[in-house]
Amino acid sequence: MSTRTVFGTAPGLTTHDPALPPPRPGLFLRQRPGGITAHLTADQDTVHTVRSLALTVLVAHGVDLETAESAQLVLSELIGNAVRACGEHVPLVVEVHRADHDAVVTVHDPLADVGPRRTGTAPDSDEAETGRGLVLLDVLAPGWTVRPSAIGKRIRCRIPAAG
């Protein structure tokens, strides 16, 4: 774990960059200010690694645990939606970082013309197995956005700090 002082965000803010696993087939990770960027081919192992790192990295950069856990849940929803739309092994770029005291999660996928779609599923349905993801984003990351990107589309969610 490396320690560095970041200037321009808060007086003498010290952050800790957790050690990242080395590149392997399907997963390439890089530190970025306040977080990580992951290039991955979505499969059970790479998604698990990125989800775990998201929590670790956000907490290491001073995001409170409740917000970091919400960011981890948002990340899971976004990746799950991309896999359902594109299929397993879809190439994704995931960015997770701290902004002020909030967490920001961004997922880029290759389908520019296929955006998130709302279902008629009631959020409190006891029988529905899917269809609540966008409601979850609305609650945890109000104002989330979808924009075209160089590789398809980018969905960005800012999860406000708890409290």
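Residues numbered from 1 in each chain as written. Predicted model: local features only at pLDDT ≥ 70, side-chain atom pairs only at ≥ 80, totals over all residues. Heavy atoms only, no water.

In spatial order, the strands read β3-β4-β5-β6-β8-β7; together these six strands make up an open sheet with antiparallel pairing. In this open sheet, the two strands that pair with only one neighbour each are β3 (27-32) and β7 (145-149). Averaged over all pairs of adjacent strands, the angle between strand axes in this sheet comes to 15°, irrespective of strand direction. Bridging between β3 and strand β4 (residues 35-41) involves six bridges; their strand directions are antiparallel. Each bridged residue has a counterpart across the sheet, and for Q31 the counterpart in β4 is I36. Along the sheet face, helix α1 (residues 44-60) touches β3, β4, β5 (91-99) and β6 (102-109) and points at about 175° away from the line of β4. (Pairing = 2+ DSSP bridges. Helix = DSSP H or I, 4+ residues; strand = E, 2+ residues; numbered from the N terminus. Axes fitted to C-alpha atoms, helices over the stretch in contact; angles between N-to-C directions. Contact = heavy atoms within 4.5 Å.)

Turning our attention to the confidence of the model for the protein chain. Averaged over every residue, the pLDDT of the protein chain is 86; the share at 70 or more is 80%. Note that residues 1-12 has pLDDT below 50 and, in this model, 23 contacts with residues that lie over four places away or in other chains. (pLDDT = per-residue confidence, 0-100.)

This part takes up unusual backbone geometry. Positive phi values are uncommon outside glycine, yet H89 reaches one of about 75°. Tracing the backbone shows H89 in the loop between α2 (65-86) and β5. Among the residues examined, H89 registers a relative accessible area of 46% and is labelled partly exposed. For D100, which is not a glycine, the phi torsion comes out positive at approximately 55°. Secondary-structure assignment places D100 in the loop between β5 and β6. With a relative accessible area of 60%, D100 lands in the exposed category. (Buried < 20%, exposed > 50% of the residue type's maximum accessible area, 1.4 Å probe, protein only.)

Among the structural elements, H97 can be located in strand β5. What makes H97 buried here is its relative accessible area of 11%. Discounting chain neighbours no more than four positions away, the residues touching H97 are R32, P33, G34, G35, L58, D102, A103 and V104.

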